[in-house]
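# Report on the structure
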Amino acid sequence: MSLKVQYNCSNIKWDNVAQTLKLVGMASYAPEIHKKAFENSHTVVFVFDGEKLVGFGRAISDGTYQAALYDLAILPEYQGRRIGRMIVSTIKNSLPNCNIILYAAPGKEGFYEKLDFRKMKTGMGLFCNAANMRNRGFIE
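First, a word on what this report is: a plain description of the structure on this page. (Residues numbered from 1 in each chain as written. Predicted model: local features only at pLDDT ≥ 70, side-chain atom pairs only at ≥ 80, totals over all residues. Heavy atoms only, no water.)

### Some words on helix H1 (residues 14-23)
Those residues of H1 that sit buried are Trp14, Val17, Ala18, Thr20 and Leu21. The buried side chains of H1 occupy one side of the element, clustering within an arc of 165° when seen end-on. Looking at H1, the residues exposed on the side facing more than 90 degrees away from the buried face are Lys22 and Leu23. Contacts made by the buried residues of H1 are with helix H2 (31-39), strand S2 (43-49), strand S3 (52-61) and strand S4 (66-74). (Buried < 20%, exposed > 50% of the residue type's maximum accessible area, 1.4 Å probe, protein only. Helix = DSSP H or I, 4+ residues; strand = E, 2+ residues; numbered from the N terminus. Arc of directions from axis to C-beta. Contact = heavy atoms within 4.5 Å.)

In structure tokens form, the structure reads like this:
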């Protein structure tokens with residue numbers, strides 16, 4: 001396994017991003033929607049094994065004191081190889097003085113707890129499709 005990391009959106013095949021998110025059970029939109037979201041983010045990280053996109057993540061932020069981590073996804077056959085940990089670490093390092101929030105996919109909370117994220121007592125969300133988020137286990 002020869003991993004390379006990319007910190008910009010150049011030459012990304014956005015259909016691969018959409019397919020990966022769908023494969024791992026996360027929200028997936030049309031490729032051009034993901035392209036816009038990543039391009040508008042503060043920090044992006046893409047990981048390749050050769051030419052194959054195997055994982056990615058992004059953060060939106062004011063770059064000063066608040067940030068949110070989104071779209072962290074690793075192909076199933078590459079999970080458990082510390083790629084997700086490396087992506088989160090890279091994002092944290094790019095935002096050294098920021099609080100970082102996220103919402104984890106149900107069942108993945110333990111991964112983030114190992115990286116020092118803690119459950120919030122007052123976290124709230126306003127979702128466009130609340131029924132879907134409830135059915136998927138994200139909200140009460």
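### Examining the pairing of S3
With seven of its ten residues buried, S3 lies for the most part within the structure. Alignment of S2 against S3, held across seven bridges, turns out to be antiparallel. When the bridges of S3 are listed, phenylalanine 46 appears paired with phenylalanine 56. Linking S2 back to S3 in an antiparallel pair, the connection comprises two residues, with glycine 50 at a positive phi of about 65°. Linking two consecutive strands that pair antiparallel, namely S3 and S4, is a turn of four residues; a positive phi of about 75° is found at glycine 63 within it. (Pairing = 2+ DSSP bridges.)

### Some words on the side chain of threonine 43
Along the chain, threonine 43 turns up in strand S2. With a relative accessible area of 9%, threonine 43 lands in the buried category. Once residues lying within four places of it in the same chain are set aside, the contact partners of threonine 43 are Gly57, Arg58, Ala59, Ile91, Ser94 and Leu95.

### Brief notes about unusual backbone geometry
Even without a glycine there, the phi angle at asparagine 11 is positive, about 60°. Tracing the backbone through its elements, the reader meets asparagine 11 in the loop between strand S1 (3-6) and H1. The class of asparagine 11 is exposed, set by a relative accessible area of 75%. The phi angle at arginine 82 is positive, at roughly 75°, despite the residue not being glycine.

### Side note on the sheet that holds S4
Strand order in the open sheet made by the five strands is S1-S2-S3-S4-S5, with mixed pairing throughout. Whereas interior strands pair on both sides, the edge strands pair on one side only; in this sheet they are S1 and strand S5 (99-101). Each adjacent strand pair in this sheet contributes to an overall mean axis angle of 20°, direction not counted. Sheet strands touched by H1: S2, S3 and S4. Its angle to S3, the strand with the most contacts, is close to 85°. (Axes fitted to C-alpha atoms, helices over the stretch in contact; angles between N-to-C directions.)

### As for the environment of isoleucine 100
Inspection of the secondary structure assignment puts isoleucine 100 in strand S5. In the structure, isoleucine 100 is positioned 41 residues away from alanine 59 in sequence and 8.7 Å away in space, judged by C-alpha atoms. Ignoring anything within four residues of it in the chain, the contact list for isoleucine 100 reads Ala67, Leu69, Lys92 and Phe117.

### Some details on the pattern of salt bridges
This model, assessed by the stated rule, comprises five salt bridges. Between arginine 58 and aspartate 71 there is a salt bridge; the shortest N-O distance is 2.7 Å. Linking arginine 58 in strand S3 with aspartate 71 in strand S4, this pair joins segments that are 13 residues apart in sequence. Taken individually, arginine 58 and aspartate 71 each receive the classification buried, so the pair is uniform in this respect. (Salt bridge = Lys/Arg side-chain N within 4 Å of Asp/Glu carboxyl O.)

### Regarding the packing of aromatic side chains
Both the distance between ring centres and the angle between the ring planes are used here to describe each pair of aromatic rings. Applying the stated criterion across every chain yields a total of ten aromatic pairs. Geometry around phenylalanine 48 places lysine 4 over its ring, the cationic atom sitting 5.6 Å from the centre. Sitting above the plane of the phenylalanine 38 ring, arginine 58 keeps its charged end 5.5 Å from the centroid. (Phe/Tyr/Trp six-rings, centres within 6.5 Å; stacked < 30°, edge-to-face > 60°. Lys NZ or Arg CZ within 6 Å of the ring centre and 35° of its normal.)

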